[in-house]
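Here are the chains, one letter per residue:
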Amino acid sequence: MDCDSIRGIILDYDGTVDIRGDKWSSVMLDAFRSAGVEVSLPALRRAAEAVGTYLVVDNLVQPTDNFTVMMQTCAGLMLKYMNDNSQIADRFVDTDHTAYTVARYCRDYMEAGFDIDRTALTMLSAQCPWCS
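Bear in mind that the values here come from a model prediction, so they are computed numbers and not experimental data. (Residues numbered from 1 in each chain as written. Predicted model: local features only at pLDDT ≥ 70, side-chain atom pairs only at ≥ 80, totals over all residues. Heavy atoms only, no water.)

Section: the overall build of the chain
We apply this condition: Starting at the N terminus, helices and strands are each numbered in turn, a helix being any DSSP run of H or I of at least four residues and a strand any DSSP run of E of at least two. For the exposure calls, accessible area comes from a 1.4 Å probe over protein chains only, and a residue counts as buried if that area is under 20% of its type's maximum, exposed if over 50%, partly exposed in between. Working rule for contacts: check all heavy atoms of both residues, and any pair within 4.5 Å makes them a contact. Surface accessibility in these figures is a Shrake-Rupley result with a 1.4 Å probe; residues are shielded only by whichever protein chains are displayed.
Helix and strand counts for the chain come out as four helices and zero strands. Counting the 132 residues in the chain, one finds 30% classified as buried. Counting contacts in the chain only where the partners sit at least 6 residues apart, residues at least 24 apart contribute 64% of the total. Approximately 8100 Å² of the chain is accessible, and the part contributed by carbon and sulfur atoms is 53%.

What follows is the structure, encoded as structure tokens:
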């Protein structure tokens, strides 16, 4: 790699979970399905878009919240939204266990990818010392 020709590096994680390039929507769909929630990808996306506003405007995520807490809050709101719009069965509404299961799936998935991310960034740093 010719590091002299590189002028900058943008690390853009918006919409992806990690360096593998997996989309949040796919990971979240797998997370909900692993918790026993059968939902379509379009329904999940609509719920995520609707909930994103609540998380910010209503201060439902605090600066002290860790990833799992934030994802559990998000998953709980998404479950409620999808139930209110008849996209899932009632038994999943506002169930802490289901929201926590979704949050843990996402956290575990993220942690599994950290080694891959770390390896790629370490290789980049070794080849382009100004990146470290």
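Comments concerning the nonpolar core
Under the convention used in this document: By nonpolar core is meant a set of buried Ala, Val, Leu, Ile, Met, Phe, Trp, Tyr and Cys residues that side-chain atoms within 4.5 Å join together.
Met28, Phe32, Val39, Leu44, Met78, Met82 and Val102 are the most contacted members of the largest nonpolar core, which has 23 residues in total. Counting only elements with at least two residues in this core, the list comes to helix H1 (24-34), helix H2 (41-57), helix H3 (67-84) and helix H4 (96-127). The leading source of residues in this core is H3, at six residues. Aside from chain neighbours lying at most four places away, what touches Phe32 is Val37, Val39, Leu44, Ala75, Met78, Leu79, Met82 and Val102.

Digging into the state of the cysteines
The line we're drawing: The disulfide definition used here is simple: a pair of cysteine sulfur atoms within 2.5 Å.
Going through the model one piece at a time under the given rule, you end up with zero disulfides. Unpaired in this structure, Cys74 has its nearest cysteine sulfur neighbour in Cys106, at a distance of 8.4 Å.

Quick notes on the confidence of the model for the chain
Worth spelling out the cut-off: For every residue, the pLDDT score states the predictor's confidence, bounded by 0 at the bottom and 100 at the top.
Averaged over all residues, the pLDDT of the chain equals 80, while 77% of them reach at least 70. In the model of the chain, H4 stands out as the element of lowest mean pLDDT, 83, in contrast to H1, which has the highest, 91.

Here's the deal with the packing of H2 against H3
Under the convention used in this document: Under this scheme, a helix contributes an axis fitted over its contacting stretch, all axes are lines through C-alpha atoms, and angles between N-to-C directions fall in the 0 to 180 degree range. What sets the label is the angle itself: under 35 degrees gives roughly parallel, over 145 gives roughly antiparallel, 65 to 115 gives roughly perpendicular, and the rest give oblique. What makes a crossing left-handed is the near helix being turned counterclockwise from the far one by less than a right angle; a clockwise turn instead makes it right-handed.
Where H2 contacts H3, the axes come no closer than 9 Å and their chain directions differ by 120°. Considering their axes alone, H2 and H3 lie oblique with respect to each other. In terms of crossing hand, the pair formed by H2 and H3 is right-handed. In this structure, H2 contributes Ala43, Leu44, Arg46, Ala47, Ala48, Ala50, Val51, Tyr54 and Leu55 to the contact, and H3 contributes Thr73, Cys74, Leu77, Met78, Tyr81 and Met82.

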